[in-house]
Amino acid sequence: MIIGLACTGLELSLLEECALARNRIDDPVARSRVPCGEENWSSPYGSGRRWETPHYRLYTTILDPDRLNEVILLLESAHRAYSVQLPGRIEPLTRSTIYLFSIRSQWEAFTRDHTGPCAEMFLKIQEGAYCFNGSCIVYDIGPERTLAALAHEGWHQFTSRHLAFRLPSWLDEGMAMMFEGIIRTEEGFRFSAAANACRLDSLSKAVVSNRLISLPTLLAASPGEVLATDHSEPIQAFYSESYALVRFLLEADRGLYEPDLRKLLADGLWGRWPLDPPSLAMAADRNVPKTLEWNRLVGPWLFRYYVTDDLDEIESQYRAFCARLVAR
Ligand SMILES: [Zn+2]
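Residues numbered from 1 in each chain as written. Predicted model: local features only at pLDDT ≥ 70, side-chain atom pairs only at ≥ 80, totals over all residues.

**Here's the deal with the overall build of the protein**
Heads up, the condition is: Strands here mean DSSP runs of E at least two residues long; helices mean DSSP runs of H or I at least four residues long; both are numbered from the N terminus. For every residue, the other C-beta atoms within 10 Å of its own C-beta are counted; 20 or more classify it as buried, 12 or fewer as exposed, and values in between as partly exposed. C-beta atoms are placed from the backbone. Here, residues touch in the contact sense if the C-beta positions derived from the backbone fall within 7 Å of one another.
If you tally the helices and strands in the protein, you get 13 helices and nine strands. Burial status across the protein gives 43% buried among its 328 residues. Counting contacts in the protein only where the partners sit at least 6 residues apart, residues at least 24 apart contribute 70% of the total.

**A short note on unusual backbone geometry**
A positive phi is found at D253, a non-glycine position, where the angle reads about 50°. Summarising the element assignment, D253 is placed in helix α9 (residues 233-255). With a phi angle near 55°, R254 is a residue other than glycine that sits in the positive phi range. Within the secondary structure, R254 is located in helix α9. Assessed through the 6 C-beta atoms surrounding it within 10 Å, R254 is described here as exposed.

**Some details on the nonpolar core**
Selection rule: Put simply, a nonpolar core is a cluster of buried Ala, Val, Leu, Ile, Met, Phe, Trp, Tyr and Cys residues tied together by C-beta atoms within 7 Å. These domain limits were set by an automatic method or by a database of domain assignments.
Core analysis: the biggest nonpolar cluster contains 81 residues, and I137, V138, L150 and A151 have the highest contact counts within it. Counting residues per element, this core draws most heavily on α9, which supplies ten residues. Counting residues domain by domain, this core receives three or more from each of domain 1 (2-162) and domain 2 (193-327). With sequence-adjacent residues up to four places away left out, L150 is seen in contact with V71, L74, L75, A129 and V138.

**Focus on the environment of I141**
With respect to the helices and strands, I141 occurs in the loop between β7 (135-139) and α4 (143-162). Its 19 C-beta neighbours within 10 Å are what place I141 among the partly exposed residues. Taking the C-alpha atoms as reference points, I141 and E127, 14 residues apart in sequence, are found 6.7 Å from one another.

**Notes on helix α13 (residues 311-327)**
Where we set the bar: How far a helix is expected to stretch is found by multiplying one less than its residue total by 1.5 Å. Note that the arc is defined by the directions from the helix axis to the C-beta atoms.
Counted at 1.5 Å a residue, the expected span for α13 with its 17 residues is 24 Å, and the 24 Å between its end C-alpha atoms agrees. Along α13, the positions that sit buried rather than exposed are I314, Y318, C322 and L325. Down the axis of α13, the buried set is contained in an arc of 85°. They therefore lie on one face. In α13, the exposed positions angled more than 90 degrees off the buried face are occupied by D312, E313, S316, A320 and A327.

**Description of the sheet that holds strand β6 (residues 129-132)**
By way of backbone hydrogen bonds, the strands of a sheet pair with one another, either parallel or antiparallel. In plain terms, the rule: Strand pairing is assigned whenever DSSP identifies at least 2 bridges connecting the two strands. Each axis is a line fitted through C-alpha atoms, and for a helix only the stretch in contact is used; angles between axes span 0 to 180 degrees, taken between their N-to-C directions.
The strand order across the open sheet formed by six strands is β2-β3-β4-β5-β7-β6, and the pairing between neighbours is mixed. The outermost strands of the open sheet, each flanked by one partner alone, are β2 (37-41) and β6. Geometrically, the sheet is characterised by an average inter-axis angle of 20° between neighbouring strands, direction not taken into account. Bridging between strand β5 (residues 96-101) and β7 involves five bridges; their strand directions are parallel. What sits directly across from F101, in β7, is Y139. Running over the sheet, helix α1 (residues 65-83) touches β3 (48-52), β4 (56-60) and β5 and is turned about 150° from β4.

**Points about the pairing of β2**
In terms of burial, β2 is a largely surface element, zero of the five residues being buried. Of the strand pairs in this sheet, β2 and β3 are connected by five bridges, and their pairing is antiparallel. By the bridge assignment for β3, G37 is matched with E52. Between β2 and β3, which follow one another and run antiparallel, lie six residues, and G46 among them has a positive phi close to 140°.

**Some words on the packing of helix α6 (residues 197-208) against α13**
So the rule is basically this: What sets the label is the angle itself: under 35 degrees gives roughly parallel, over 145 gives roughly antiparallel, 65 to 115 gives roughly perpendicular, and the rest give oblique. With the far helix as reference, a near helix turned anticlockwise by less than a right angle produces a left-handed crossing, and one turned clockwise produces a right-handed crossing. Basically, the charged four are Asp, Glu, Lys and Arg, the nonpolar ten are Ala, Val, Leu, Ile, Met, Phe, Trp, Tyr, Cys and Pro, and anything else, Gly included, counts as polar.
Viewed as axis vectors pointing N to C, α6 and α13 meet at an angle of 120°, and their least axial separation amounts to 9 Å. Relative to α13, α6 is oriented oblique. Where α6 crosses over α13, the two elements pack in a sense that is left-handed. Here L200, L203, S204 and V207 of α6 lie close against α13, whose contacting residues are C322, A323, L325 and V326. For the contact of α6 with α13, the class distribution of residues is seven nonpolar, one polar and no charged.

**Looking at the confidence of the model for the protein**
For clarity, the threshold we go by: Residue-level confidence of the predictor is summarised by pLDDT, bounded by 0 at the bottom and 100 at the top.
Per-residue pLDDT for the protein averages 87, and the proportion of residues at 70 or more is 86%. Looking at the elements of the protein, mean pLDDT is at its lowest for strand β1 (residues 2-3), recorded as 48, and at its highest for helix α10 (residues 258-270), recorded as 98. Confidence drops under a pLDDT of 50 for residues 4-23, and excluding neighbours within four residues, the segment shows 68 contacts in the predicted structure. The low-confidence segment residues 27-35 (pLDDT under 50) makes five contacts with residues lying over four places distant or belonging to another chain.

Shown next, in the form of structure tokens:
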């Protein structure tokens, strides 16, 4: 069965522009390594359970055991899928924290209590999820869409924790959408970029109306910046076209550009991008909010360095790839 994410837009790396120092949400057991299992979670947000898996600590007020089993299976499947995007074996010493609430009012109360001046921005999210200071905070938007939202946000959490450098928006969002297309298997879940009807539908609208964002603009764009100008179509366009661009790099010409993308990610993992000192400092220090200017500068620069400097030529290939994607 294929699972897709609803296209409601306001998922948030918007917080990248939120000027709040990076203080982790207090997690009283963050350093423990107790075996996988569950116990009661007492919180002001409702009765809940705390689950631990090999790579995640899940605090949740969803109590249905079948739903929880799916979430836990999805999280570990996603962690494996994230890891294979990078060289080597990533084995964190501590688990990643996820808060999954059964209803929006619990999620809103938690957001108000823990995100300080960013709260009002997060509360504009229409459905789903955001990552904040190392934790993912999600509420139930239905069995399948919740899984897709967890898989998407989980990528942001993974890169934030394990890559030496933060990724520019086109790459971070484009990669996150590679995990929104979820397929159930007998063993659990696998992820298929092609099984993402939502992004393909949005891309199709842009292609048909001949309104694809130009490649230089896409590479420099920040979701928050796009959102600032319009609350619907432009942000969908940014996401669907970032999705298409990452697929282009992975798939076009039988993977011609895939090694370039892999090298870009690997050097981000190891902290090897040859940026200028100020850009390097912001890439490495997650305590400093990522600025629009950093994204505007570094997003295109990395593409030019690792993929090609000839944006005109590759843009024509990218546009032809987009047309083929939506014609299938
Ligand atoms: Zn995202």
